[in-house]
Structure formats: C-alpha cells, structure tokens
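# Structural features, examined
Each chain is listed here by its residues.
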Amino acid sequence: MGNKLLISKYIVLAMTCWALAACLSSPDCFREDVFCAALVTDTLGIADHGINQDAWAGLQEASMNGLADRVEFIASVDARDYAKNITYFTDRGFDVIFTSGIALEDATLQSVDLEPAATFVGFNQTFAGSYPNLISVTFPEDQMGFAAGVSAAQLTQTGIVAAVCETSGIDAMWRYCEGFRAGVKFATSEIISLVVYRENGDREKLFIDEAWGYETATDLIRRGADVLFAAGGVTGQGALKAASEFGVYAIGAERNQAAALGESGSGVVTSFYGQTQFEVQEVMREVQQGNIQNFRIGKIQFTALNPTFSPEFSLQMEVLLAALAKGELEPTVTDPR
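Residues numbered from 1 in each chain as written. Predicted model: local features only at pLDDT ≥ 70, side-chain atom pairs only at ≥ 80, totals over all residues. Heavy atoms only, no water.

So, about the overall build of the chain. What the chain contains, in helices and strands, is 11 helices and 12 strands. Overall, the chain is about 85 × 50 × 40 Å in size when its C-alpha atoms are taken along their principal axes. Counting only contacts in the chain whose residues sit at least 6 apart along the sequence, the fraction spanning at least 24 positions is 65%. If you sum the accessible surface of the chain, you get close to 16400 Å²; carbon and sulfur atoms cover 53% of it. Taking the 22 positively charged and 42 negatively charged side chains of the chain as two groups, their mean positions are separated by 5 Å. (Helix = DSSP H or I, 4+ residues; strand = E, 2+ residues; numbered from the N terminus. Contact = heavy atoms within 4.5 Å. Areas by Shrake-Rupley, 256 points an atom, 1.4 Å probe, with all protein chains shown as cover. Lys, Arg positive; Asp, Glu negative; His and termini not counted. Charge placed at Lys NZ, Arg CZ, Asp CG, Glu CD.)

Right, let's get into the nonpolar core. Ranked by size, the top nonpolar core spans 62 residues in total, and within it Leu59, Phe98, Phe180, Phe229, Ile251, Phe272 and Met284 carry the most contacts. Those residues in contact with Met284 that lie beyond four places of it in its chain are Phe35, Ala37, Leu59, Ala62, Leu67, Ala68 and Phe98. Counting residues in each nonpolar core, the second largest holds 19 residues, with Ile160, Trp212, Ala225 and Ala250 among its members. (Core = buried A, V, L, I, M, F, W, Y, C linked by side-chain atoms within 4.5 Å. Buried < 20%, exposed > 50% of the residue type's maximum accessible area, 1.4 Å probe, protein only.)

This paragraph deals with the packing of aromatic side chains. One pass over the full model with this rule turns up 11 aromatic pairs. Three or more aromatic residues joined by ring pairs make a cluster, and in this case those are Tyr88, Phe89 and Phe94. (Phe/Tyr/Trp six-rings, centres within 6.5 Å; stacked < 30°, edge-to-face > 60°.)

Moving on: the state of the cysteines. Taken as a whole, this structure holds 2 disulfides when the rule is applied. Residue Cys29 pairs covalently with Cys36 via a disulfide, S to S 2.1 Å. Disulfide Cys29 to Cys36: torsion about the S-S bond roughly -95°, handedness left-handed. Residue Cys29 is classed as buried on the basis of its relative accessible area, which comes to 3%. According to the relative accessible area criterion, Cys36 is buried, its value standing at 0%. Residue Cys165 pairs covalently with Cys177 via a disulfide, S to S 1.6 Å. On the sign convention where negative means left-handed, the S-S torsion of about 70° between Cys165 and Cys177 marks this disulfide as right-handed. Taken together, the residues Cys165 in strand S6 (residues 160-165) and Cys177 in helix H6 (residues 171-187) connect sequence positions 12 residues apart. The same class applies to Cys165 and to Cys177, which are both buried. (Disulfide = S-S within 2.5 Å.)

Attention now goes to the sheet that holds strand S10 (residues 268-274). Strand order across the open sheet formed by 6 strands is S7-S6-S8-S9-S10-S12, with mixed pairing between neighbours. This sheet does not close on itself; its edge strands, each paired only once, are strand S7 (192-197) and strand S12 (300-302). Mean inter-strand twist for the sheet, computed between neighbouring axes without regard to direction, equals 15°. Of the strand pairs in this sheet, S6 and S7 are connected by 6 bridges, and their pairing is parallel. Bridged to Ile160 within S7 is Ile192. Relative to the sheet, helix H7 (residues 210-222) contacts S6, S7 and strand S8 (227-231), its axis offset from that of S6 by approximately 165°. Contacting S10 and S12, helix H11 (residues 311-326) crosses the sheet at an angle of about 170° to S12. (Pairing = 2+ DSSP bridges. Axes fitted to C-alpha atoms, helices over the stretch in contact; angles between N-to-C directions.)

A separate point is the pairing of strand S4 (residues 119-123). Buried residues dominate S4, accounting for 5 of its 5 residues. Both faces of S4 are covered, namely the face carrying Thr119, Val121 and Phe123 and the face carrying Phe120 and Gly122. One crossover worth recording links strand S3 (residues 96-100) to the parallel S4 by way of helix H4 (residues 105-114), and it is right-handed. Note that S4 and strand S5 (residues 134-138) share 4 bridges and pair parallel. (Right-handed = clockwise from strand over helix to strand, strands pointing away.)

Looking now at the side chain of Glu105. Its location among the elements puts Glu105 in helix H4. Buried and unpaired, Glu105 has no salt bridge, with Arg175 as the nearest side chain of opposite charge at 9.9 Å. The contacts of Glu105, once residues within four sequence positions are left out, are Gln125, Thr126 and Phe127. (Salt bridge = Lys/Arg side-chain N within 4 Å of Asp/Glu carboxyl O.)

A word on the packing of helix H5 (residues 141-155) against H6. It is at 6 Å that the axes of H5 and H6 come closest, and there the two elements cross at 40°. Overall, the two elements H5 and H6 adopt an arrangement that is oblique. Considering only the axes of H5 and H6, their crossing is right-handed. Each of Glu141, Asp142, Met144, Gly145, Phe146, Ala148, Gly149, Val150, Ala152 and Ala153 in H5 lies in contact with H6, whose residues at this interface are Ala172, Arg175, Tyr176, Gly179, Phe180, Ala182, Gly183, Val184, Phe186 and Ala187. Per-class residue counts for the contact of H5 with H6 are 13 nonpolar, 4 polar and 3 charged. (Parallel < 35°, antiparallel > 145°, perpendicular 65-115°, else oblique. Left-handed = near helix turned anticlockwise from the far one by under 90°. Nonpolar A, V, L, I, M, F, W, Y, C, P; charged D, E, K, R; others polar.)

Another aspect to go through is the sheet that holds S5. Strand order in this open sheet of 6 strands is S2-S1-S3-S4-S5-S11, and the pairing throughout is parallel. A single partner strand is all that each edge strand has here, and the edge strands are strand S2 (70-75) and strand S11 (295-297). With strand direction ignored, the average angle separating the axes of adjacent strands in the sheet is 20°. Alignment of S5 against S11, held across 3 bridges, turns out to be parallel. Residue pairing in the sheet places Ser136 in a bridge with Phe295 of S11. Sitting on the sheet, helix H3 (residues 82-90) is in contact with strand S1 (36-41), S2, S3 and S4, with an inclination near 170° to S1. Contacting S1, S3, S4, S5 and S11, helix H10 (residues 276-289) runs over the sheet at an angle of about 160° to S4.

As structure tokens, then:
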C-alpha cells in the first residue's frame, strides 16, 4: 500500500508540474509586452478553402515571423455560440480578435462596446458607424466579378456566358454579378452575358438554395452558355456543380471552389476571392503601430489555372488584377435595380 500511495503522489506531482509548465510556457495575454491574436469563424469551420482557412494561415504565419506571441482559433459549430466564442478570447486578454464572415457581424459589433480594450477585425463585415477598436475588412466584389467576366469572355466558344448569383438585394452579390457583366463588355461587345439573380426566393434558403443554383445553371447552359460564373455560397455552388456535370467551364467566387467541391467541381477553372492571409498580417502590423484604418479594402487573388491553359492567360489575369488594385482600371458598374 505504501509503495502504491507513493507512486500516486508522484503521478499527481508530475501532472501538476506539467500543467504548471504549460501555463508558464503559454504567454500571458494581459501583459503589455505580449501580443495575442485570435480567430472566431462562422459555422463553415477552419477547412472551408476560403476566408476561414486563409485567416488561420495568416495568424500562424504571424506567429512564425514574430508578429504575434500567441495565436488561437475557435471554429463555431452553432450560430448561437458566436458571442460566447468571442468572449472566450476577450476574457483571456487577447489583443486582436478576427471574426470571419457576414454571419458574425452582429456579434462582433456587440463585443466592440463590451470590450473596449480589445481590437476587433470583421472580415466581409460592413458597419454603419466608426469605432476606435473596430476594423472592417472587405474585398471589392465588383473587381472580382469584373476579372471573372474578362476571363469568361476569353474562354467562351459559343459567344454566350452567364452568371448565377444570389439575390441582387444583397449589395455584395449585386457587385459580383454586375462586375461580371461589365468585365464581359470590357473584353468585347460581341459576347452575350446572361446574368440571373435568385429573386423572390424563399428567405429561409438564402445562400443555401443549391437546387435553384443547379436548375438555373442548367437552363443557361441549354440556352448556349458555355462559361458560368457563380456567387452566393451553396446557391452558387449548385451552379458550379451543374457546369461541371454538363462539361462547361465554371468560374468560382468567395473561396477556392475547385478544392471545396472536389470531384463535383471538376469544371471550375479558377476562382476569385480575397487575400485574407495577407490582410491578417497587414492589419496586425497596423494595430501594433497604432495606425488603425477602420475601413480597409483588401487585395484579391485567383487560383492557379489548369496546366492545359497557357501561362499567358494567368499573366493577363495578374496584370488585370494589378491594374484594378491600383485604380488604373475601374469596373463600370451601373445599377439596374
């Protein structure tokens, strides 16, 4: 019994020492000389092939290059947990808390007033007012749609291209698809661009109406469209799946759709979306320097095209995106609403 009791004491002591060592090795985020940054994602999780995954990659890179002493994330499993997950990090003294996706907009804004000591960064979130501890990072949907339109004009063989988008009542969706229309027109006036929005649809299916996206894309393909652009979450993915099934080119938005869809996205030749990984680190530098921009327009990128496409095609896209970023080229987007 004596030996067993002694062994038990050693085990308890060892576990205590391990726990203490872990605590000591984890930087204290309340200290002024320790910089801590965290990410709270929406319910798409950390492996969404888009903003969540790229934001976490940016935080990890920031940790490796000395921009942050401690980085963590919480992938939300339920929308009701958003505020609680943000509070988890504010209660532990984190300096900067990134939240990704429009779904976290309300929870982020509520936290701004409750936790003035922390700086909050909302990706793809727009706020009416300006707050000293809140940064909005959005990406220019009109430019991404414009680049997609130029790409579609170069890829088409039938002279008909199309865009399938969520409701035009959401400004981001309208900018994506009207940007696409403008890009096609910029490339050539000889190509027909068909743009269809999910208007008058079930509000409960906003961004998740895959059936509508698939059926709409199928109809457009039957009308002669041989290149499809799609935006709007799962709704847009339905269109991309139809394009892949019917063997026509597809262009994605919001994330790397080819990776996200796997085999069902075999027709996706490229996707245009924000450089979240880069923006995470730029924002952290600005916060540390005390140079906070409350409203930031992020840079955009596109996924590498299939090797069957010429290197010149990719080079043209890089030149186009650079011109858009510098303001040397402005998408001419008119409001039909």
